[in-house]
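What follows is each chain in one-letter form.
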Amino acid sequence: MSAGVDAAPSPIRIQVENGPSFSVGPNEDTLLRAALRAGLAFPYECSVGGCGACRFELLDGVMDTLWDSAPGLSERDRKRGKRLACQSRPCGDASIRVRLGGEAERPPVAPRRQRATLVERRPVNDEMVELSLQLSDAPPFLAGQYALLFPQGVDGARAYSMANLDQGDGRWRFIVRRTPGGRGSTALCDGLAVGAEVEVDGPYGHAWLRPSTRDVVCVAGGSGLGPMLSISRGVLAGDAARRVHFFLGLRNEAELAAVREIDALADPRLQACVVLSAPAGATAWTGATGFVHTEVERALSPAGLAGFDFYFAGPPPMIDAMQDLLMVRHRVPFEQVRFDRYV
Ligand SMILES: Cc1cc2nc3c(=O)[nH]c(=O)nc-3n(C[C@H](O)[C@H](O)[C@H](O)COP(=O)(O)OP(=O)(O)OC[C@H]3O[C@@H](n4cnc5c(N)ncnc54)[C@H](O)[C@@H]3O)c2cc1C
Ligand code: FES
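Residues numbered from 1 in each chain as written. Chains lettered and ligands numbered in written order. Predicted model: local features only at pLDDT ≥ 70, side-chain atom pairs only at ≥ 80, totals over all residues. Heavy atoms only, no water.

Chemist: Lay out the environment of Arg113 with the relevant residues and their values.
Modeler: Relative to the helices and strands, Arg113 resides in strand 8 (residues 112–123). Residues Arg113 and Glu28, spaced 85 residues apart in sequence, show a C-alpha to C-alpha distance of 9.2 Å. Dropping the residues within four chain positions of it, Arg113 is found in contact with Asp29, Arg37, Phe150, Glu199, Val200 and Asp201. Among the polar contacts made by the side chain of Arg113, one reaches the side chain of Asp29 at a distance of 2.8 Å. Within the structure, the side chain of Arg113 is placed 2.9 Å from the side chain of Glu199, a separation counted as a polar contact. (Helix = DSSP H or I, 4+ residues; strand = E, 2+ residues; numbered from the N terminus. Contact = heavy atoms within 4.5 Å. Polar contact = N/O pair within 3.5 Å; in protein donor to acceptor, adjacent residues only side chain to side chain.)

Chemist: Residue-level account of the sheet that holds strand 5 (residues 82–84), with values.
Modeler: Strand order in this open sheet of 5 strands is 2-1-7-3-5, and the pairing throughout is mixed. Both outer strands of the open sheet, strand 2 (21–24) and strand 5, are each paired with one neighbouring strand and no more. Across the sheet, the mean angle separating the axes of adjacent strands is 40° when strand polarity is ignored. Bridge count between strand 3 (residues 55–60) and strand 7 (residues 94–97): 3 bridges; the pairing is antiparallel. Paired with Asp60 across the two strands is Ser95, which belongs to strand 7. (Pairing = 2+ DSSP bridges. Axes fitted to C-alpha atoms, helices over the stretch in contact; angles between N-to-C directions.)

Chemist: Tell me what's going on with the domain arrangement of the protein, and back it up with residues and numbers.
Modeler: You can read the domains of the protein as domain 1 (12–105), domain 2 (112–204) and domain 3 (216–341). Using only C-alpha atoms to locate each centre, domain 1 and domain 3 end up separated by 33 Å. (Domains from an automatic or database assignment.)

Chemist: Give me helix 3 (residues 183–191): which residues, what numbers.
Modeler: Among all positions in helix 3, only Gly184, Ser185, Leu188 and Cys189 are buried. Seen end-on, helix 3 carries its buried residues on one side only, within an arc spanning 115°. Set apart from the buried face of helix 3 by more than 90 degrees, the exposed residues are Arg183 and Gly191. Here the buried face of helix 3 lies against strand 8, strand 9 (128–135), strand 10 (146–150), strand 11 (158–161), strand 12 (171–177) and strand 13 (197–204). (Buried < 20%, exposed > 50% of the residue type's maximum accessible area, 1.4 Å probe, protein only. Arc of directions from axis to C-beta.)

Chemist: Describe the pattern of salt bridges, with residues and values.
Modeler: If you walk through the whole model with that rule in mind, you get 30 salt bridges. Here Arg33 and Asp29 are joined by a salt bridge, their closest N and O atoms 3.0 Å apart. With a closest N to O distance of 3.8 Å, Glu120 and Arg173 form a salt bridge. Linking Glu120 in strand 8 with Arg173 in strand 12, this pair joins segments that are 53 residues apart in sequence. (Salt bridge = Lys/Arg side-chain N within 4 Å of Asp/Glu carboxyl O.)

Chemist: Run through the site of ligand 1, naming residues and quoting values.
Modeler: Taken together, 23 residues are adjacent to ligand 1, and Val48, Arg158, Ala159, Gly184 and Ser185 come closest. Between ligand 1 and the protein, one listed contact pairs an oxygen atom with a side-chain N or O atom of Ser185 at 2.5 Å. Look at ligand 1: alone it shows 940 Å² of surface, and the protein chains cover 88% of it. Within the residue set of the shell around ligand 1, elements represented by two or more residues are strand 11, strand 12, helix 3 and strand 19 (337–341). Counted by class, the shell around ligand 1 contains 10 nonpolar, 7 polar and 6 charged residues. (Near = heavy atom within 4 Å. Areas by Shrake-Rupley, 256 points an atom, 1.4 Å probe, with all protein chains shown as cover. Nonpolar A, V, L, I, M, F, W, Y, C, P; charged D, E, K, R; others polar.)

Chemist: Which residues make up the side chain of Ser47, and what values go with them?
Modeler: Within the element layout of this structure, Ser47 appears in the loop between helix 1 (31–37) and strand 3. At 2.8 Å, the side chain of Ser47 and the side chain of Tyr146 are in polar contact. When neighbours within four sequence positions are excluded, Ser47 is seen to be in contact with Leu32, Arg33, Cys86, Gln87, Tyr146, Leu148 and Tyr204.

Chemist: Break down the sheet that holds strand 8 for me, with residues and values.
Modeler: Taking strand neighbours across the sheet as the criterion, the 6 strands line up as 11-10-13-8-9-12 in an open arrangement whose pairing is antiparallel. If you trace the sheet from one side to the other, it starts and ends with strand 11 and strand 12, each paired once. Along the sheet, successive strands turn relative to each other by an average axial angle of 40°, direction set aside. The pairing of strand 10 with strand 11 spans 4 bridges and is classified as antiparallel. By the bridge assignment for strand 11, Leu148 is matched with Ala159.

In structure tokens, the structure reads:
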């Protein structure tokens, strides 16, 4: 090497106990994302420190912890030396203990991180906006997958699901709910100007649309609307015999403008049901009320829930109720149930 030229830093090597090794590039932000980019079936769900699915043990080496108090680890986990791969950044070569998934859990597409430009912002209702990002070097994504957005000045990443279908044009659309007091969603909904750039990393997630001949049930709680629109679009663009039963849970009439997003799909193979949990005019609203999972059971259990494929996304209580309904009470096979929990 000639004098004065710096050597490129050699990649960090991570050895999985009794498993493969993989390298972590110099610009990689976390152990999890490096492993997924390397094609490993590293366990994960949320990617943002909330669920605990990416727990591992560090056997040798040093790693930085990005978010010390991430709720995905309990005090007991911490005492037992567990770490979260989505909140760990390797400082050098290391060896780790983790149970990798099988072939089916490998990332279907290698995620890529890049800057994207906000090209359109459109209100969905008073609480939600659709953000359209243009990526210049976008990998393909599957219906139902999500991406990580890194709003400027906000610690950590935020996960948002694509609401559209991949058309190969690098346009990724997200429906983002403005969470009261939420730093990331407020920065995206109100702070990001059209024409401005934001870092995006994806696609991620396991709840993508699988080929099947069964009809599909989509259940969205609030901003879970986005991925369920993507799944519905995927079903309607495919096998002409497959139907979609779309259930949307909202709080009250003030949020109803969001229903236009489903109406715009305008397909006789899609049937929609809106459920309000707390209608303001209980006597004026003639649609369904209460919990959305209760309405799913009321409407579809006579046909036998095990005859459908289920996709759902939304807040943790809705996810828990859906899992209990499908997997415990109606014995719907595990491989017919896919969801994203908005931790
Ligand atoms: C798989 C998945 C898909 C999602 N899809 C959507 C969607 O399509 N639309 C939508 O509106 N919402 C979606 N969400 C919820 C979304 O990611 C945010 O949790 C929500 O917008 C609230 O974020 P906030 O920044 O406003 O709130 P905040 O309270 O500021 O942040 C909460 C989120 O930020 C993370 N976080 C907080 N502090 C830190 C820190 N110091 N370091 C690192 N991370 C931190 C948390 O894990 C949590 O995810 C999804 C969540 C998941 C897990
Ligand atoms: S994937 Fe790391 S905590 Fe959820």
